[in-house]
Amino acid sequence: GDSVTQMEGPVTLSEEAFLTINCTYTATGYPSLFWYVQYPGEGLQLLLKATKADDKGSNKGFEATYRKETTSFHLEKGSVQVSDSAVYFCALSDPEASGSRLTFGEGTQLTVNP
Amino acid sequence: DGGITQSPKYLFRKEGQNVTLSCEQNLNHDAMYWYRQDPGQGLRLIYYSQIVNDFQKGDIAEGYSVSREKKESFPLTVTSAQKNPTAFYLCASSTYMGQSYEQYFGPGTRLTVT
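Residues numbered from 1 in each chain as written. Chains lettered and ligands numbered in written order. Predicted model: local features only at pLDDT ≥ 70, side-chain atom pairs only at ≥ 80, totals over all residues. Heavy atoms only, no water.

Caption draft 1: Looking closely at the side chain of A:Ser93. Among the secondary structure elements, A:Ser93 is positioned in strand β10 (residues 86-93). One polar contact links the side chain of A:Ser93 to the main-chain amide nitrogen of B:Tyr101, over a distance of 3.0 Å. Dropping the residues within four chain positions of it, A:Ser93 is found in contact with A:Pro31, A:Ser32, A:Phe34, A:Leu102, B:Ser100 and B:Tyr101. (Helix = DSSP H or I, 4+ residues; strand = E, 2+ residues; numbered from the N terminus. Polar contact = N/O pair within 3.5 Å; in protein donor to acceptor, adjacent residues only side chain to side chain. Contact = heavy atoms within 4.5 Å.)

Caption draft 2: Geometry of the environment of A:Thr28. Considering the arrangement of structural elements, one finds A:Thr28 in the loop between β4 (23-26) and β5 (32-38). When neighbours within four sequence positions are excluded, A:Thr28 is seen to be in contact with A:Asp2, A:Asp94 and A:Ala97.

Caption draft 3: Representation of the sheet that holds strand β7 (residues 64-66) of chain B. All names here are of chain B. Strands sit in the order β1-β3-β8-β7 across an open sheet of four strands; the sheet is antiparallel. Strand pairing shows two members of the sheet lacking a second neighbour, β1 (4-7) and β7, which therefore form its edges. This sheet shows a mean twist of 20 degrees between the axes of neighbouring strands, independent of strand direction. Sheet topology places strand β3 (residues 19-25) next to strand β8 (residues 76-78); three bridges connect them, and they run antiparallel. Of the residues in β8, the one forming a bridge with leucine 21 is leucine 76. (Pairing = 2+ DSSP bridges. Axes fitted to C-alpha atoms, helices over the stretch in contact; angles between N-to-C directions.)

Caption draft 4: Representation of the packing of aromatic side chains within the structure. What the rule picks out here adds up to 14 aromatic pairs over all chains. Here A:Tyr25 and A:Tyr66 contribute two aromatic rings whose centre-to-centre distance is 6.1 Å and whose plane-to-plane angle is 80 degrees, an arrangement assigned as edge-to-face. One end of the pair, A:Tyr25, is in strand β4; the other, A:Tyr66, is in the loop between β8 (62-65) and β9 (75-77), and 41 residues separate them in sequence. Across the pair, exposure class does not vary: A:Tyr25 and A:Tyr66 are buried alike. Both rings, one in B:Tyr47 and one in B:Phe55, keep their centres 5.9 Å apart while their planes meet at 80 degrees; by these two values the pair is edge-to-face. Classification of B:Tyr47 as buried rests on a relative accessible area of 7%. By the ring-pair criterion, three or more aromatic residues cluster together here, those being A:Phe34, A:Tyr36, A:Phe104, B:Tyr33, B:Tyr35, B:Tyr48 and B:Phe105. Sitting over the face of the ring of B:Phe74, B:Arg68 holds its NZ or CZ atom 5.9 Å from the ring centroid. (Phe/Tyr/Trp six-rings, centres within 6.5 Å; stacked < 30°, edge-to-face > 60°. Buried < 20%, exposed > 50% of the residue type's maximum accessible area, 1.4 Å probe, protein only. Lys NZ or Arg CZ within 6 Å of the ring centre and 35° of its normal.)

Caption draft 5: Examining the interface of chain A and chain B more closely. Tallying the contact residues gives 20 residues for chain A and 28 residues for chain B. The interface formed by chain A and chain B holds two salt bridges in total. For the pair chain A and chain B, the interface holds nine residue pairs in polar contact (both at pLDDT 80 or more). By residue number, the principal contributor to the side of chain A that touches chain B is β5(A), which donates four residues. Counted by class, the side of chain A that touches chain B contains eight nonpolar, eight polar and four charged residues. (Salt bridge = Lys/Arg side-chain N within 4 Å of Asp/Glu carboxyl O. Nonpolar A, V, L, I, M, F, W, Y, C, P; charged D, E, K, R; others polar.)

Caption draft 6: Up close: the state of the cysteines. Scanning the model with the defined rule gives two disulfides over all chains in all. The disulfide bridge from A:Cys23 ends at A:Cys90, spanning 2.0 Å between sulfur atoms. Handedness of the A:Cys23-A:Cys90 disulfide follows from its S-S torsion of about -70 degrees: it is left-handed. With A:Cys23 in strand β4 and A:Cys90 in strand β10, the pair connects residues that are 67 residues apart, well separated along the chain. Like A:Cys90, A:Cys23 is buried. One disulfide bridge connects B:Cys23 with B:Cys91, the sulfur atoms lying 1.9 Å from each other. (Disulfide = S-S within 2.5 Å.)

Structure follows, in structure tokens:
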């Protein structure tokens, strides 16, 4: 079945550092890919998405490019802020395999220090 | 504003009691979901419903029950048969976006059973 693997956390960075959170996937169909963010004590918010190969999703300074050849969707940000501290989840939607269910990675905790 | 409402934010119960968590959405989405999240962990799917009056078990349905009598509402009952009910519970709904499903989450209910 489909699966999503994220880099193990937690990740700790200083403010203004460059961020990469790795995400790779396996899928039987042709999935769409998502990054969600969860701030402490809250629900998940959709951060960005990409629906086909070479698409780049972007939002709030975060970017991720759908790489079919490497089955990856790594999240990047050029200069993180303290307010970016949160848990980040990579996810995929593969309706042919899973209908309306999404497959989530385990999440990566990011802490940004001043 | 369209969105997903979960109430209450915090819920406390004694062991042996059933408890029902509320989830309401006004996004006109057909599909709704319940997830469980334990500290430092990812999401685990409890139940989901793709249409009114129909629902399917997720990965950890034992000790839980749901109903879907209205499109807007998908309440979750945590029964006394659930061995470790203390957790953060997230409700979500989704819509088909042409190639994939996008899920939108509520703010969550933190259940503590003592």
